[in-house]
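# Reading the structure
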There are 2 protein chains.
Amino acid sequence: MLIGELAQASGTTTKTLRYYEQAGLIPAPGRTAGGYRDYPPEALSRLDFIRRGQAAGLTLAQVRGVLDVRDRGLAPCEHVHDLLDAHLTALDRQIADLHALRDTVAGLRDSVDTIDPATCAPGTICRYI
Amino acid sequence: MLIGELAQASGTTTKTLRYYEQAGLIPAPGRTAGGYRDYPPEALSRLDFIRRGQAAGLTLAQVRGVLDVRDRGLAPCEHVHDLLDAHLTALDRQIADLHALRDTVAGLRDSVDTIDPATCAPGTICRYI
DNA sequence: CTGGTCCTTCCAGTGCAGTGGAAGGTCAAC
DNA sequence: GTTGACCTTCCACTGCACTGGAAGGACCAG
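Bear in mind the structure is a predicted one, so any value in this text is a computation, not a measurement.

Conventions and cut-offs
Residues numbered from 1 in each chain as written. Chains lettered and ligands numbered in written order. Predicted model: local features only at pLDDT ≥ 70, side-chain atom pairs only at ≥ 80, totals over all residues. Heavy atoms only, no water. Core = buried A, V, L, I, M, F, W, Y, C linked by side-chain atoms within 4.5 Å. Buried < 20%, exposed > 50% of the residue type's maximum accessible area, 1.4 Å probe, protein only. Domains from an automatic or database assignment. Contact = heavy atoms within 4.5 Å. UniProt positions renumbered as here; feature names shortened; annotations may be inferred. Helix = DSSP H or I, 4+ residues; strand = E, 2+ residues; numbered from the N terminus. Salt bridge = Lys/Arg side-chain N within 4 Å of Asp/Glu carboxyl O. Buried area = accessible area lost by both parts, 1.4 Å probe. Nonpolar A, V, L, I, M, F, W, Y, C, P; charged D, E, K, R; others polar. Near = heavy atom within 4 Å. Polar contact = N/O pair within 3.5 Å; in protein donor to acceptor, adjacent residues only side chain to side chain.

### Side note on the nonpolar core
Grouped together as the largest cluster of nonpolar side chains are 72 residues, with contacts concentrated most on Ile50(A) and Ile50(B). There are two domains that each give this core at least three residues, and those are domain 1 (1-56) and domain 2 (75-129) of chain B. Leave out the neighbours within four places in its chain, and Ile50(B) touches Tyr20(B), Leu25(B), Ile26(B), Leu60(B), Val63(B) and Leu67(B).

What follows is the structure, given as structure tokens:
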């Protein structure tokens, strides 16, 4: 399988595949006589896993962590559980932070509607922020 | 006011102040005989505004947009209202996206606890992601 | 044999908001 | 006069996940 075919099959680009190889996410494949990358069929399932990991909001470094465990011949179940657990905690905090920010911004925006701009102090940049 | 004093007073660093100047967020101040930056007192309120804008989750480019309006001698009220409104919309979508992601990740994590790892297919990377 | 498409490597840039460090100038105190 | 703190400019780097482009080789159809 040439790089362009794999890119098409996995819904990504040749640029990205070379980048993944350089980043240690996919192993360097064999080469054809002409020096072209020649991927085995299982490269596709590896790319699907990477895509699913990304869809779950994991970084490529985290995905690579799981792949590294798997490549050492181990079952990554515990690792995956801990990773998802930590990710969930981070997401919860991120959502809470964003919620607080949202309320702050909503208050600021409403203040623009309700506070008379004539009461702005001359030396300030903006009365509302 | 020298740059170190302003940095201390505004709770930032000299590096950041030079960066803000280069980025067009604060005007280039006068210089002392020795070539040191010499800030006027109102630089502090400008930096406070920048900090409040950042606390509201605005980018420096957005903050600079407000400052540009103000520097042209106009009241930025309408601009600020529109900016905050758009920001609020973006925040709401971001929160919704994050919520959906959170639910997905929670489902994945729980599947690690409930699905028997012995049922993993040998060719796959991970049964859970 | 030529044209077109695919592939190769390598270097550099994107956006965001700074941060690090080198090489050197200024100023006040001792 | 010298130490030390502060300042100057300039260039490069951080993290993240790519993306763009140049220069050149491989391969296939007509």
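After that view, the rundown keeps rolling.
### Describing the UniProt feature "domain: HTH merR-type" (unreviewed entry) in chain A
Here the UniProt feature "domain: HTH merR-type" (unreviewed entry) sits at residues 1-69 of chain A. Along residues 1-69 of chain A one finds 58% helix and 6% strand; the C-alpha atoms at either end are 26 Å apart.

### Some words on the pattern of salt bridges
Per the stated rule, a full pass over the model turns up 13 salt bridges over all chains. Residues Asp85(B) and Arg109(A) are paired through a salt bridge, measuring 2.6 Å at the closest nitrogen-oxygen approach. Here Asp85(B) is found in helix 5 (residues 77-114), whereas its partner Arg109(A) is found in helix 5 (residues 77-114) on a different chain. For Asp85(B), a relative accessible area of 28% gives the class partly exposed. Between Glu21(B) and Arg37(B) there is a salt bridge whose closest N-O contact spans 2.8 Å.

### With respect to the interface of chain A and chain B
Chain A puts 42 residues into the contact, and the matching count from chain B is 42 residues. At the boundary of chain A with chain B, total buried surface from both sides reaches about 3900 Å², with 76% on carbon and sulfur atoms. The largest contributions to the chain A side of the interface with chain B come from Arg109(A), Ile125(A) and Ile129(A), which together make up 20% of the buried area. In this assembly, chain A and chain B are joined by four salt bridges. Going through the elements one at a time, helix 3 (43-55), helix 4 (60-71) and helix 5 of chain A are the ones with two or more residues in the side of chain A that touches chain B. Tallied by class, residues from the side of chain A that touches chain B come to 25 nonpolar, nine polar and eight charged.

### Focus: the protein's contact with DNA strand C
In the neighbourhood of DNA strand C, 19 residues make up the surrounding shell, with Gly4(A), Arg37(A), Lys15(B), Tyr20(B) and Tyr36(B) lying closest. Separating a phosphate oxygen of DNA strand C from a side-chain N or O atom of Arg18(A) is a distance of 2.8 Å. A distance of 3.0 Å is found between a phosphate oxygen of DNA strand C and a side-chain nitrogen or oxygen belonging to Gln54(B). For the surface near DNA strand C, the secondary structure elements donating two or more residues are helix 1 (3-10) and helix 2 (14-22) of chain A together with helix 2 (14-22) of chain B.

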